[in-house]
Structures are given as C-alpha cells and as structure tokens.
Amino acid sequence: PQIVLSVYGPDFFGHDVVRGYGAVHVPFTPGRHRRTIAMFVPESTSRLQQFTSWLTGRRPEFTDPKVVAQGEGREVTRVRSQGFVTVSFNVM
C-alpha cells in the first residue's frame, strides 16, 4: 500500500494551486516509522504555456492521483522538485 499526497496552497494572487505531489510506501513492520517524501510539481513545457499559466493562475496539475503512485508515463512529464514532507507511521 501507498499514501499519495497532493498539497495545495494559495499563490501570489490568492488562487489555490498545487504545491507538490509525492508518494510513499506504508511500512509493514510494527513500530514507529518516519518517512521523508520528496515533493514535485508538474511544469509547462514551453515559455508561452508558463506565461499563460502564470497569467491565468492555472498551473499544470495531475487529474488522476494514480499517476503519482504508479510512475507509468511520468518519464515524459516535466516536473520540478518542490521540497519535502515528513510523515510518521505507527504500525501495529
């Protein structure tokens, strides 16, 4: 099993935009576990698309969260690293 994170927040103009995506496998062994998830955001492929998305406040985002978990098709997707999120698990 995996946990997929989609983090959203306001941009400079107050629009709710994606701040990052990430996924991590849930540990199977009992105990307390900490995992650091590298977050990323999709980017536009051209300068015109980047300017248009900045102007309209609509950044590129994934419509299906399975894309983040599976990894299929992500090799052709342009992404930018966007920080880290630390998650704690208590597994029984």
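The name given to the protein in an unreviewed UniProt entry is B9 domain-containing protein 1, with the source organism recorded as Pachyramphus minor. Under Subcellular location (unreviewed entry), UniProt gives the following word-for-word description of the protein: "Cytoplasm, Cytoskeleton, Cilium basal body".

Quick question: what am I supposed to make of the nonpolar core here?
Looking at soluble globular proteins, one finds that nonpolar side chains tend to be buried together. Counting residues in each nonpolar core, the largest one holds 6 residues, listed as Val24, Ile37, Met39, Val87, Phe89 and Val91. At the level of elements, strand 3 (31-42) and strand 4 (79-91) are the ones that each hand at least two residues to this core. Sorting elements by how many residues they give to this core places strand 4 first, with 3 residues. If near-sequence neighbours (up to four positions away) are discounted, valine 91 is found in contact with Pro27, Phe28, Thr29, Pro30, Gly31 and His33.

How should I be thinking about the environment of phenylalanine 13 in this particular structure?
The topology assignment puts phenylalanine 13 in the loop between strand 1 (2-10) and strand 2 (16-25). Separated by 41 residues in the primary sequence, phenylalanine 13 and tryptophan 54 have C-alpha atoms spaced 9.7 Å apart.

In this structure, what is going on with a nonpolar patch on the surface? I would like to understand it.
Taken together, the side chains of Phe12, Phe13, Phe51, Trp54 and Leu55 define a hydrophobic patch exposed on the protein surface, amounting to about 670 Å² of accessible area. Of note, phenylalanine 51 is situated in helix 1 (residues 47-56).

Calculation notes
Residues numbered from 1 in each chain as written. Predicted model: local features only at pLDDT ≥ 70, side-chain atom pairs only at ≥ 80, totals over all residues. Heavy atoms only, no water. UniProt positions renumbered as here; feature names shortened; annotations may be inferred. Core = buried A, V, L, I, M, F, W, Y, C linked by side-chain atoms within 4.5 Å. Buried < 20%, exposed > 50% of the residue type's maximum accessible area, 1.4 Å probe, protein only. Helix = DSSP H or I, 4+ residues; strand = E, 2+ residues; numbered from the N terminus. Contact = heavy atoms within 4.5 Å. Patch = residues over 30% accessible without salt bridge, like charges linked within 9 Å, V, L, I, M, F, W, Y side chains within 5 Å. Areas by Shrake-Rupley, 256 points an atom, 1.4 Å probe, with all protein chains shown as cover. Salt bridge = Lys/Arg side-chain N within 4 Å of Asp/Glu carboxyl O.

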